[in-house]
Amino acid sequence: MTAAESSCCKAVFSGWRNYPCGRKGKLAEDGKFYCGVHSPDAVQKRQAKRDASYAALRTKWEAEARHRRFAAAAEAAIREIAAGHNDPHGLAAKTLAILGESKP
Ligand SMILES: [Zn+2]
């Protein structure tokens, strides 16, 4: 086996060109050699870690967006009450409906 045959089969992008990875291929999968960085398992683990990170960010952003909607709806309800609104139950139900909730 030559060095070229046992080197990593992946290419890396640098300087507006693709180059062979250059690392030694340690892991053989599907008849090809991969380095520790480009092995399908390592790529899958990094992707799963990235997906978990983005899911956490998305959960945080959705909570923040919900809070902003709640603050705006609550401010509008308070302003209606201050202006003389006389049906707090109906106003509360309308405000919760804006937030996508049917019951308190
Ligand atoms: Zn590689």
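Residues numbered from 1 in each chain as written. Predicted model: local features only at pLDDT ≥ 70, side-chain atom pairs only at ≥ 80, totals over all residues.

Caption draft 1: Here's a closer look at unusual backbone geometry. Positive phi is not limited to glycine here, since Trp 16 has a value of about 65°. The topology assignment puts Trp 16 in the loop between strand E1 (11-14) and strand E2 (17-20). Under the C-beta neighbour-count criterion, Trp 16 is labelled exposed, with 5 such atoms within 10 Å. (Helix = DSSP H or I, 4+ residues; strand = E, 2+ residues; numbered from the N terminus. Buried ≥ 20, exposed ≤ 12 C-beta atoms within 10 Å, placed from the backbone.)

Caption draft 2: Local environment of the packing of helix H2 (residues 40-82) against helix H3 (residues 88-98). Interhelical geometry of H2 versus H3 gives an angle of 160° and a closest axis separation of 9 Å. Overall, the two elements H2 and H3 adopt an arrangement that is roughly antiparallel. Read as a crossing pair, H2 and H3 show a hand that is right-handed. Contacts between H2 and H3 involve Arg 69, Ala 73, Ala 74, Ala 77, Glu 80 and Ile 81 from the first element and Pro 88, Leu 91, Thr 95 and Ile 98 from the second. Among the residues forming the contact of H2 with H3, the class breakdown is seven nonpolar, one polar and two charged. (Axes fitted to C-alpha atoms, helices over the stretch in contact; angles between N-to-C directions. Parallel < 35°, antiparallel > 145°, perpendicular 65-115°, else oblique. Left-handed = near helix turned anticlockwise from the far one by under 90°. Contact = placed C-beta atoms within 7 Å. Nonpolar A, V, L, I, M, F, W, Y, C, P; charged D, E, K, R; others polar.)

Caption draft 3: Summary view of H2. Here H2 spans 62 Å end to end across 43 residues, near enough to the 63 Å set by a 1.5 Å rise per residue. Of the residues flanking the end of H2, it is Gly 84, one or two places downstream, whose phi is positive at about 110°. (Expected span 1.5 Å × (residues − 1).)

Caption draft 4: A look at the pairing of E2. Note: E1 against E2, four bridges, orientation antiparallel. Following the sheet pairing, Phe 13 is matched in E2 by Asn 18. The loop that links E1 with its antiparallel partner E2 comprises two residues; one of these, Gly 15, has a positive phi angle of about 60°. (Pairing = 2+ DSSP bridges.)

Caption draft 5: Here's a closer look at the environment of Cys 9. With respect to the secondary-structure elements, Cys 9 resides in the loop between helix H1 (3-6) and E1. What makes Cys 9 partly exposed here is the crowd of 18 C-beta atoms within 10 Å. On a C-alpha basis, the gap between Cys 9 and Cys 21 in space is 7.0 Å, while along the polypeptide they are twelve residues apart. Setting aside anything within four residues of it in sequence, one finds Cys 9 in contact with Gly 25, Lys 32, Phe 33 and Tyr 34.

Caption draft 6: Structural context of the environment of His 38. Take His 38: it is sitting in the loop between strand E4 (32-34) and H2. For His 38, a count of 19 C-beta atoms within 10 Å puts it in the partly exposed group. Separated by 30 residues in the primary sequence, His 38 and Cys 8 place their C-alpha atoms 7.7 Å from one another. In contact with His 38, not counting residues within four places along its chain, are Cys 8, Lys 10, Cys 21 and Val 43.

Interpretation note: all reported values are geometric properties and have no functional meaning in isolation.
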